[in-house]
Structures are given as C-alpha cells and as structure tokens.
Amino acid sequence: MTMDYRTKWARFEAGSKREKLAFFKRLYGCSGEHLNVVLLGELVKVRLQEIQFGELTSAEEARLEAVCSHRNVTPLRRAPVLRRTYRGRLYEVERMEDGGFRYGTKVYRSLSAVAREITGSATNGLRFFNVSSATGQAR
C-alpha cells in the first residue's frame, strides 16, 4: 500500500533542510536550494497532492482561472487543503470527502467552526479562508 500525501508530508516536515532539498529534487528533478523553506514546503505539498489526486486538465485550470481571476479566491470544491496565514502563523485545513474539515487532530463540521477555533471569536469561515462558496461560485 502506498503512503498518502499526508504521511509523505509529515516525513518531509520532520526532515532536515538537506533532507527536504533531496525530497524536493526527487519530486521536481531540480535543486530547490534557491527557495526558502516555506516556499519549498508549499511546492512539495502541492506536488504530493497532484500525485495522489491527479493534476487538473488545462480546461479545468482555464475555468478556475476565469472564475477566480477578478479576486484572490479559491473555489472550495477544488481545494483539498485550505491555507491561511493569521497573526504570523500558517494554518492549514484539509477538506474531507464527507464535507467536514480537518484542522490538527480534530474534524469540524464547518469552516466557520475552524475559523472560530483559530481566532477565538465567531468568524465566517469562507471569508476567513478566502474561498468561494461550496458550489464553486466566486464571492
């Protein structure tokens, strides 16, 4: 059985800078030495997800670009992992197939519940993570 992207990502995160660079080179076939560690990690995470779930077709990419071009918005249904930097810290939430959202070790029923956990106050989850509605329509 092959490892899923979360397991591979955890191994990447736990590695030293040298190990991370070697991992990047295996995925992309080129050196990532010119990249900072955060960007290196983001590129690795995207590639691991592409390997597990498949890449978008050029038609799908064009449609996403058209829908999102007027705003910096990600359609929720096409985002397996949502990211938001808040108060200097990067938060990542995984969209589950059953409609829930995994943040850390807990699964939440809504993005608003995750946003409330992060901020400590009632917050619109779609707005907090800058995503369009669950149907993929731009806000």
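Below is a summary of the structure that appears in this document.

Parameters at a glance
Numbering of residues begins from 1 in every chain and follows the order in which that chain's sequence is written. Selection of residues for local features in this predicted model requires a pLDDT of at least 70, selection of side-chain atom pairs for listing and counting requires 80 or more, and totals for whole chains, interfaces and linings are taken over all residues. As a convention, hydrogens and water are excluded, and side-chain values are obtained from all of the structure's heavy atoms. What is meant by a nonpolar core is a set of buried Ala, Val, Leu, Ile, Met, Phe, Trp, Tyr and Cys residues, joined one to another through side-chain atoms within 4.5 Å. Three labels apply to residues, based on accessible area from a 1.4 Å probe with only protein chains included: buried if under 20% of the type maximum, exposed if over 50%, partly exposed otherwise in between. By the criteria applied, helices consist of DSSP H or I runs no shorter than four residues and strands consist of E runs no shorter than two, each listed in order from the N terminus. Only heavy atoms enter the contact rule, under which two residues are in contact if any of them lie within 4.5 Å. Axes here refer to lines fitted to C-alpha atoms; in helices the fit is confined to the stretch in contact. Angles between the N-to-C directions go from 0 to 180 degrees. By the definition adopted for this analysis, an angle is roughly parallel if under 35 degrees, roughly antiparallel if over 145, roughly perpendicular if from 65 to 115, and oblique otherwise. Crossing handedness is defined as follows: a turn of the near helix away from the far one that is anticlockwise and smaller than a right angle gives a left-handed crossing, while the clockwise case is right-handed. Each residue gets one label: Ala, Val, Leu, Ile, Met, Phe, Trp, Tyr, Cys and Pro are nonpolar, Asp, Glu, Lys and Arg are charged, and the others, such as Gly, are polar. Within this document, salt bridges are pairs made up of a side-chain nitrogen of Lys or Arg and a carboxyl oxygen of Asp or Glu, the two lying within 4 Å of each other. For two strands to be treated as a pair, DSSP must find at least two bridges joining them.

**As for the nonpolar core**
Counting residues in each nonpolar core, the largest one holds 15 residues, and the members touching the most others are V93, Y103, L111, V114, I118 and F129. Secondary-structure elements contributing two or more residues to this core are β1 (81–86), β2 (89–95), β3 (101–103) and α5 (111–119). Here this core gets five residues from one element, more than from any other, and that element is α5. What F129 contacts, discounting residues up to four positions off in sequence, is L82, R83, R84, V93, L111, V114 and I118. The next biggest cluster of nonpolar side chains, apart from the first, holds eleven residues, and it includes W9, L35, V44 and V81.

**So, the packing of helix α1 (residues 5–14) against helix α3 (residues 37–53)**
Running from amino to carboxyl end, α1 crosses α3 at an angle of 155 degrees, the nearest separation of the two axes being 9 Å. With respect to their mutual orientation, α1 and α3 come out roughly antiparallel. With respect to the hand of their crossing, α1 and α3 are arranged in right-handed fashion. Of the residues in α3, those in contact with Y5, K8, W9 and F12 of α1 are L40, G41, V44, K45, L48, Q49, Q52 and F53. For the contact of α1 with α3, the residue count by class is seven nonpolar, three polar and two charged.

**Some points on the pattern of salt bridges**
Enumeration according to the criterion identifies seven salt bridges in this entry. Between E94 and R6 there is a salt bridge, with the nearest N and O atoms lying 2.4 Å from each other. Of the two residues, E94 is situated in strand β2 and R6 in helix α1; the sequence distance between them amounts to 88 residues. Residue classification places E94 among the buried residues on the basis of a relative accessible area of 12%. Taken together, the salt bridges that share partners define one network made up of D4, R6, E94 and R102.

**A look at the pairing of β1**
By the bridge criterion, six bridges tie β1 to β2 in an arrangement that is antiparallel. The residue bridging R83 from the neighbouring strand is E92, located in β2. Between β1 and β2, which follow one another and run antiparallel, lie two residues, and R87 among them has a positive phi close to 50 degrees.

Coordinates in, geometry out; function isn't part of it.
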